[in-house]
Every structure is written in C-alpha cells, then in structure tokens.
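Architecture at a glance
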Amino acid sequence: MTEKSEKQDLTTRLERLDARYVYLFFAALLIIPIVVPFGLPILVTSPTRDFYDYVEKNVGKGDRVLIWGTMTTGWWPTEYRPSIVAVSQHLFNRGAKLYYISDGAEDPLLVDTVFGMIDKGPAKYGVDYVSLGYYAGGEVALSAFAKDVYSLVKTDYYGTPVDQLPMMKEVKTAKDFKFVMHVTGSPAEWLLRQYKTPYGIDCGWVGSSGMVGIYMPYYASRQVVGFVCGLRGGAEYETLMKRPGIGLASTDAMSAGHLYFALIMIFANIVYYIGRKERKKQ
Amino acid sequence: MISTDVAIWIQAALILMWLSQLYKQNIFYRFTEYTFIGVAVGHSTVLVYKNVVSMVYTPIVFKADFLLIIPVILGLLIWTRLSPKYGWVSRWPMAVIVGVSAAIAVRGAIKTQIYDQIIATIQLGVVRPDILSNVNNFLIVVTAICTLTYFVYFKEHKGALGTAAKIGRITMMATFGNTIAWAFAGRLNPLIALLQTLLLDWLHLR
C-alpha cells in the first residue's frame, strides 16, 4: 500500500468512526473531574456580575420581587437549579419579599425544591415568600398578572386563598414590584413587553445556557439589569456570593467537556480537509 | 460506601436505563421515556384540574360570574378538532387565542424589540474615553449595518453592498455559532448532573 492511499485510508476510517467511541471517551473525561475535582478558576462574566450588583445595591429589606418561572424538569438539575437557588438565596439574604409564580406546569414542584435548598433565615411563608402556583397562558398570563394580580391569582399553590396571605395584601399590579425576573428557556421578550416597557420595572433573567445569545442584545441595550444563565451562570453567582454550591461543584466537568468538544471539532475539520484534498488528488 | 437510600437507587436505575439508549434502542430506555411522559402528563392534568376548579367552576357556581361561560365554551370547542366533520369549528377558539396573544405581544414589541434596540445602537456611536469600548461599539455598529444590508433584495449584492452583505453574513454565522455553542453547553450540563447522581449520590465515590 502506498503512503498516499494509507493516508486516505486513515482519514476515511476516522471520518467513519463510530460516534459511540467519541461519547465513551467523553463520558470517561467527565467522570474524572467529578470524582477528583481539579479546582479550575472561574471567570465571572459581566451579565452575572451586573445582576448580582443590582440585587446587592438596589434590593433591600421589604422590597417585593416577582419571580416568574417557565422552567422544565429536564433542564432543572443543571440549567436552572444552580442559578435560581443562588439568586433566591441572595434575595433572601437581602430581606426581599419573594413572589414565585409560573406558567410552566412543573415549576411549583421545582419552587418547593428551591425552598428546601436555601437558608431562609427568619423568613415566613405567606409573609416573606409565597408560591402562587401554575397558570396557563404564557405571555397572556404574565400580562394579566401585571394589570391585576387578583384577576389571575385566587389561591396559592397549596390552595390557601390569597386574601389570607399577608404579603399578598401589598400587591395589586406590576407597579408594586421593585424587580421582576423571568426564569426561562422560552421567549425572553415577554418580560420586557409586559413589565419593562409598560410599567418601567427593573427586569432580569435567569435562563438556560442556550438563552445567552438571545438575552445579550437586551443586556447590551440596558433593557435588563443582567442575567444568570445555566450551570456556568450559577457557578459565577456562587463565586460572587462566596457560597460554593451545585454550580461550582460541576464546573470542572463542564470545562473538560467543553474543551474536549472544541478539540474534537478542530480535529474533525482537519481530518475532513485532509480527506477532501486526498480525494481531489485522485 | 454505596447509598442505602431507596430513592437514590430508583434514580440511579432510571438513569442507567435511560443511558442504555446510547448503545441502542431497548425496552429499558423506552420504559424510562414512557414513565417520564406519564408522570409529566399526570402532574399537568392535576394542576390544570385545580386551575379549572379555582378559576372557572368556583366563580361560576358560587359567585355567579357567568361571563366565564364564554371562555369555557371556546375551550370546549377546541375538542371539535377530534371530529373530521366539525373540526373546522376549532378554528374559532384558536383564532381568539392567536388574536389575543398577538395583540398583547404587539403592544410592547415595537418599543422593546425595535425602538429601544435602534436607540441603543445609535448611542454606541458616542465616543467614550475608554478605547476598547470605542472599538467594541464601532464593531457593533458596523456589523449591525452590514447584517441589515444582507437583507437588501432590491439591489444586486455587488461592490460595496456586496462586501457589506458578506460581512453581514459572517456576523450572522458567528452569532449562530455562539448560540449553538451555548445550546451545546445546555445539553452537556444535564449529563453532568446525571453522572453526579450516579458517582456521588449513589456510589459515593467522593
């Protein structure tokens, strides 16, 4: 066999490599940093820092914060949990009153998980925080709540009528909230269209990783105070809070995975171009 | 030492059954898939039922809020979709849903997604003391204009217009690449969570 045909044979074999080997090596690469963390440093990006700074400087004791959720269980463990837990903890530490509501059917259960994971201090349910449950309708529900809270919400998630919850007496419309954040992997603009533009309320996002590109133009134009996205965002927020959690515990594996796929992409392109060159020569 | 928590064992078994799909389609994978869908649908049904009771049944029956009968009728009409003969009726409630949603969205869309974005881009033209910010702003303004020129259809993309359109295309490709990279990160993260459950919560390897 000539050198040229050997080269072509190798590139053809690499191009046709069973993808399962790639995944197998990938799994092995993720397992190592999970079991033996490297402790790689993490750089805090400006959207996360600005979000944190906003809460730190502008949200104080008794300020009402609306947390609208459009989460899903599938994305929950790493995409939403690290960020929403860290941000909720920060808001609790600041003494804010938190109103959780959602248009995602699974959200109320996830909100319960958040309550179980954070240190609420002296905060009491119904006085300092509340879970208002699930309401269908997406942006329409968001809009209805902004215009008249009671047109949408009759009871909390656990069935208690809202007029029996002290903190619900303080809100009638969107104007009664200091800050609104949307926890979502779906249309980002809902929040701006229904709260920022009509009422001028400060808004922020906690989203999945895939939302970064969508959020960025609105962050660059200062229409939102900032955003915290995915596992990376959660890890950054935990770094800012100096309170390591699920986010920071996963960053080594995340970095290893990203590096592996970046290298795989470069390698695959080199193999493809060598193979194409060889085929053209024939 | 391995976990003695039954819930963790169930979780680990379901994860392993789900991951078996990577080898090939099998009954264990399908079991986890159907279980997940079943649980999700069951939970949603209970929540929707509770919503219907608190937001529809109670106000109509106990508070005589008869106006709510209109959305109830519209909601029921969607079910006509199941009938080949009367399926067309379901277009009426769908028209109301789409109409209301569009009207609510449009109200804020012009300012949020067009006006504010244009103003923010124009403001980037203001010279700032920081050189890097100026370079960054210059790039944003240029790439924004070039991207818009890519969608100029009334004139052939030749000369300056052609160059601008090409830069616009490269800008869009970079943007899509960025979005895909983040989407990939989003797909990788749940896998990390699964492995953490298996290795740390179940096998206690750390």
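Here the structure is shown first, and the text comes after it.
Overview of the structure. (Residues numbered from 1 in each chain as written. Chains lettered and ligands numbered in written order. Predicted model: local features only at pLDDT ≥ 70, side-chain atom pairs only at ≥ 80, totals over all residues. Heavy atoms only, no water.)

As for the interface of chain B and chain A
It is common to give the size of an interface as the accessible area lost on bringing the parts into contact. Tallying the contact residues gives 43 residues for chain B and 51 residues for chain A. Counting the surface lost from both chain B and chain A, the interface buries some 4,100 Å², and carbon and sulfur atoms represent 67% of this. Secondary structure elements with two or more residues in the side of chain B that touches chain A: α2 (27-63), α4 (91-123) and α6 (159-202) of chain B. With 18 residues, α6 of chain B is the single largest residue contributor to the side of chain B that touches chain A. Counted by class, the side of chain B that touches chain A contains 23 nonpolar, 14 polar and six charged residues. (Contact = heavy atoms within 4.5 Å. Buried area = accessible area lost by both parts, 1.4 Å probe. Helix = DSSP H or I, 4+ residues; strand = E, 2+ residues; numbered from the N terminus. Nonpolar A, V, L, I, M, F, W, Y, C, P; charged D, E, K, R; others polar.)

A short note on unusual backbone geometry
All names here are of chain B. A positive phi is found at A64, a non-glycine position, where the angle reads about 55°. The residue A64 is located in the loop between α2 and α3 (69-77) in this model. Here the phi dihedral of H204 falls at roughly 50°; this positive angle occurs in a residue that is not glycine. Here H204 lies in the segment after α6.

As for helix α2 (residues 19-35) of chain A
Over its 17 residues, α2 of chain A extends 25 Å from the first C-alpha to the last, a length consistent with the 24 Å expected when each residue adds 1.5 Å. For α2 of chain A, the set of buried residues is V22, F26, L30, P33 and I34 of chain A. Across the axial projection of α2 of chain A, the buried residues extend over an arc of 105°, all falling on one side. Looking at α2 of chain A, the residues exposed on the side facing more than 90 degrees away from the buried face are Y21, L24 and F25 of chain A. Among the structural elements, α11 (246-281) of chain A together with α6 of chain B are those in contact with the buried residues of α2 of chain A. (Expected span 1.5 Å × (residues − 1). Buried < 20%, exposed > 50% of the residue type's maximum accessible area, 1.4 Å probe, protein only. Arc of directions from axis to C-beta.)

Some remarks on the sheet that holds strand β6 (residues 227-229) of chain A
Residues and elements named next belong to chain A. Here we have six strands laid out as an open sheet, ordered β3-β2-β1-β4-β5-β6, and parallel in their pairing. Looking along the sheet, the strands with just one partner apiece sit at the ends: β3 (129-134) and β6. With direction set aside, neighbouring strand axes in the sheet form an average angle of 15°. Both strand β1 (residues 64-70) and strand β2 (residues 97-102) contribute to a ladder of six bridges, which runs parallel. Looking at β2, one finds that W68 is bridged to I101. Running at roughly 160° to β3, helix α5 (residues 107-117) makes contact with β1, β2 and β3 of the sheet. (Pairing = 2+ DSSP bridges. Axes fitted to C-alpha atoms, helices over the stretch in contact; angles between N-to-C directions.)

Here we look at the packing of aromatic side chains
Geometry of an aromatic ring pair is reported as the spacing of the ring centres plus the angle between the planes. Under the definition given, this model contains 27 aromatic pairs over all chains. The interplanar angle of 80° and the centroid separation of 5.7 Å between the aromatic rings of Y219 of chain A and F227 of chain A together place this pair among those described as edge-to-face. Their ring planes at 80° and their centres at 6.2 Å tell us that Y57 of chain B and F62 of chain B sit as a pair that is edge-to-face. On the basis of relative accessible area, F62 of chain B is assigned to the exposed category, the value being 61%. Aromatic ring contacts, followed pair by pair, group F92, Y100, F115, Y125, Y129, Y157 and Y158 of chain A into a single cluster. When the ring centre of Y219 of chain A is taken as origin, the NZ or CZ atom of R222 of chain A, which lies over that ring, is 4.9 Å away. (Phe/Tyr/Trp six-rings, centres within 6.5 Å; stacked < 30°, edge-to-face > 60°. Lys NZ or Arg CZ within 6 Å of the ring centre and 35° of its normal.)

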